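# Report on the structure
Here's the letter readout for the chains.
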Amino acid sequence: MRWIFPASALSVRRYLPIYYLGRDMIMLTRWLVGVLLVVVSALPSHADGDFLEPEQAFRFSAKLSSGGVLEVRYLIADGYYMYRDRFLFDVEPGTVVLGAARFPPGQWHEDEFFGRSEIFRGDVTIEIPIVSGMEHGQTIRLVAISQGCADAGICYLPTTQTMDLMLLGSFGATTEER
Amino acid sequence: MIRALGISLFVGLALLAGIAGYRLTAPHGFSQVDASGVLKATLPDLEGVPQTISRWKGHVLVVNFWATWCPPCLEEIPVFVRLQRQMGGQGLQFLGIAIDERDRVVNFARRNGINYPIMIGQLDAIELSKTAGNQRGGLPYTLVLDRSGRVVSQHYGALTEQALVAIVAELL
């Protein structure tokens with residue numbers, strides 16, 4: 001918005017302290033504005049914008065290692081965690097058959113509603129072997145569903161992430177995220 | 001010079017106190033969230049009967065997006081049940097929108113004596129919560145609407161009884 005003052009209104013400025021005090025006043029005003037900005041930004045806000053986007057809280061990547069094993073990695077931000085029993089992995093086309101996912105040991109999380117649940121924090125890699133149905137040079141689409149929460153007291157809706165993976169040569173892969 | 005400095009300092013500190021006071025005490029009174037999508041939404045209730053949220057317009061509405069798989073969501077539900085019982089007569093109406101499987105929600109509602117309407121949705125309810133300001137897809141997510149249907153508060157995470165009463169008391 002642009003403010004347009006009538007010429008007579010401009011004379012108001014001579015009543016402002018800043019008009020009298022020149023540079024000292026300008027410095028003081030700048031200092032006050034600076035303090036205001038710092039203090040106000042540090043106050044708790046009810047806008048609730050302090051939680052990370054799910055893609056930042058649970059950073060997903062995947063690769064196809066030699067030996068035909070999918071390695072799905074999540075970098076979990078501090079203060080966030082993922083539930084082991086809420087991971088779901090699938091591939092397209094459906095003719096490619098996956099074996100059982102191998103999870104690293106997690107941590108036990110106590111909750112008054114669900115009791116003990118196994119969760120992951122930090123850096124977690126889950127291995128899923130491709131059992132059959134994949135040929136060299138073929139591209140598959142990994143579909144990974146996961147769900148996690150923040151210690152601060154929210155849970156994210158289940159997230160579906162996909163990544164296209166091509167099997168090159170003798171079990172080496174390039175990856176392309178979609 | 002000293003007088004002018006004093007005046008400026010006073011004005012600055014008063015401004016600071018005013019802004020700080022607003023930030024600390026006014027979760028309500030200002031929101032850019034548009035509730036029209038929520039009010040127009042039609043979702044099935046626990047019996048499978050389609051319910052349009054706008055039928056409760058005219059009440060002070062607390063619209064809570066939740067799920068049974070979300071521990072912080074379950075934490076606040078006893079508060080909602082209690083306040084619905086205590087303040088429902090004054091025009092306070094809680095509405096739950098569960099992003100979940102129907103059987104789980106029905107069982108939870110029965111076990112926990114939920115005394116306000118629950119609607120159930122999947123992708124449609126997820127999209128609905130996003131149109132209502134829940135861009136991060138976090139639960140629980142709660143909106144408080146005044147009697148005209150205007151959003152006066154949006155909140156991620158479990159609400160305490162004290163915080164919720166402070167918001168709705170001014171609207172009843």
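Preceding this section is the structure that the text describes.
These notes cover the structure that comes with them.

Criteria and cut-off values
- Residues numbered from 1 in each chain as written.
- Chains lettered and ligands numbered in written order.
- Predicted model: local features only at pLDDT ≥ 70, side-chain atom pairs only at ≥ 80, totals over all residues.
- Heavy atoms only, no water.
- Helix = DSSP H or I, 4+ residues; strand = E, 2+ residues; numbered from the N terminus.
- Buried < 20%, exposed > 50% of the residue type's maximum accessible area, 1.4 Å probe, protein only.
- Contact = heavy atoms within 4.5 Å.
- Areas by Shrake-Rupley, 256 points an atom, 1.4 Å probe, with all protein chains shown as cover.
- Phe/Tyr/Trp six-rings, centres within 6.5 Å; stacked < 30°, edge-to-face > 60°.
- Disulfide = S-S within 2.5 Å.
- Arc of directions from axis to C-beta.
- Pairing = 2+ DSSP bridges.
- Core = buried A, V, L, I, M, F, W, Y, C linked by side-chain atoms within 4.5 Å.

## A look at the overall build of chain A
Regarding its fold elements, chain A presents two helices and 13 strands. In chain A, which comprises 178 residues, the proportion classed as buried is 36%. Long-range pairs, those at least 24 residues apart, make up 61% of the contacts in chain A between residues at least 6 apart in sequence. Working note: accessible area of chain A is about 10,700 Å², and carbon and sulfur atoms make up 56% of it.

## So, the overall build of chain B
Secondary structure assignment for chain B yields six helices and eight strands. Taken from N to C terminus, the helices and strands of chain B fall in the order α-α-β-β-β-α-β-α-β-α-β-β-β-α. Residues counted as buried form 52% of the 172 residues belonging to chain B. Restricting to contacts in chain B with at least 6 residues of sequence separation, those with at least 24 account for 66%. Roughly 7,900 Å² of accessible area belongs to chain B as shown, and the carbon and sulfur atoms make up 56% of that amount.

## Considerations on the packing of aromatic side chains
All names here are of chain A. Following the criterion strictly, the structure yields 17 aromatic pairs over all chains and no others. Aromatic pair Phe-58 and Tyr-80: ring centres 6.1 Å apart, planes at 85°, arrangement edge-to-face. Taken together, the positions of Phe-58 in strand E1 (residues 58-65) and Tyr-80 in strand E3 (residues 80-83) put the pair 22 residues apart, joining distant regions of the chain. Judged by relative accessible area, which is 9%, Tyr-80 ranks as buried. Ring centres of Tyr-81 and Tyr-83 lie 5.5 Å apart, and the angle between their planes is 75°; this geometry places the pair in the edge-to-face category. Its relative accessible area of 1% is what places Tyr-83 among the buried residues. Every member of this aromatic cluster is reached through a ring pair, and the members are Phe-60, Tyr-74, Phe-87, Phe-89, Phe-103 and Phe-120.

## Examining the state of the cysteines
All names here are of chain A. By the definition in use, this model includes two disulfides over all chains. The disulfide partner of Cys-149 is Cys-155, and the gap between their sulfur atoms is 2.2 Å. Looking along the S-S bond of the Cys-149-Cys-155 disulfide, the torsion reads about 95°, which is the right-handed sense. Assessed through its relative accessible area of 0%, Cys-149 is described here as buried.

## Notes on helix H6 (residues 161-169) of chain B
All names here are of chain B. Buried within H6 are the following residues: Leu-164, Ile-167 and Val-168. The arc that holds the buried residues of H6, viewed along the axis, is 90°, so those residues lie on one side. Where the residues of H6 are buried, they touch strand E3 (60-66), helix H3 (71-87), strand E4 (92-99), strand E7 (141-145) and strand E8 (151-156).

## Some thoughts on the sheet that holds strand E5 (residues 97-98) of chain A
Residues and elements named next belong to chain A. Strand order in the open sheet formed by four strands is E1-E2-E8-E5, with antiparallel pairing between adjacent strands. A strand with exactly one partner marks an edge of an open sheet, and here the two such strands are E1 and E5. Direction of pairing for E5 relative to strand E8 (residues 123-132): antiparallel, over a ladder of two bridges. Residue pairing in the sheet places Leu-98 in a bridge with Ile-130 of E8.

## A closer look at the pairing of strand E7 (residues 115-120) of chain A
All names here are of chain A. As defined by bridge partners, E3 adjoins E7 across two bridges and the pair is classed as antiparallel. Bridging across to E7, Met-82 finds its partner in Phe-120. Two successive antiparallel strands, strand E6 (residues 107-111) and E7, enclose a turn made up of three residues.

## Some thoughts on the nonpolar core
Counting residues in each nonpolar core, the largest one holds 95 residues, and the members touching the most others are A:Tyr74 and B:Trp66. No other element matches H3(B), which puts eight residues into this core. With residues near it in sequence (within four places) discarded, B:Trp66 still touches B:Cys73, B:Leu74, B:Ile77, B:Gly96, B:Ile97, B:Ala98, B:Ile99, B:Val105, B:Phe108, B:Ile114, B:Ile118 and B:Leu139.

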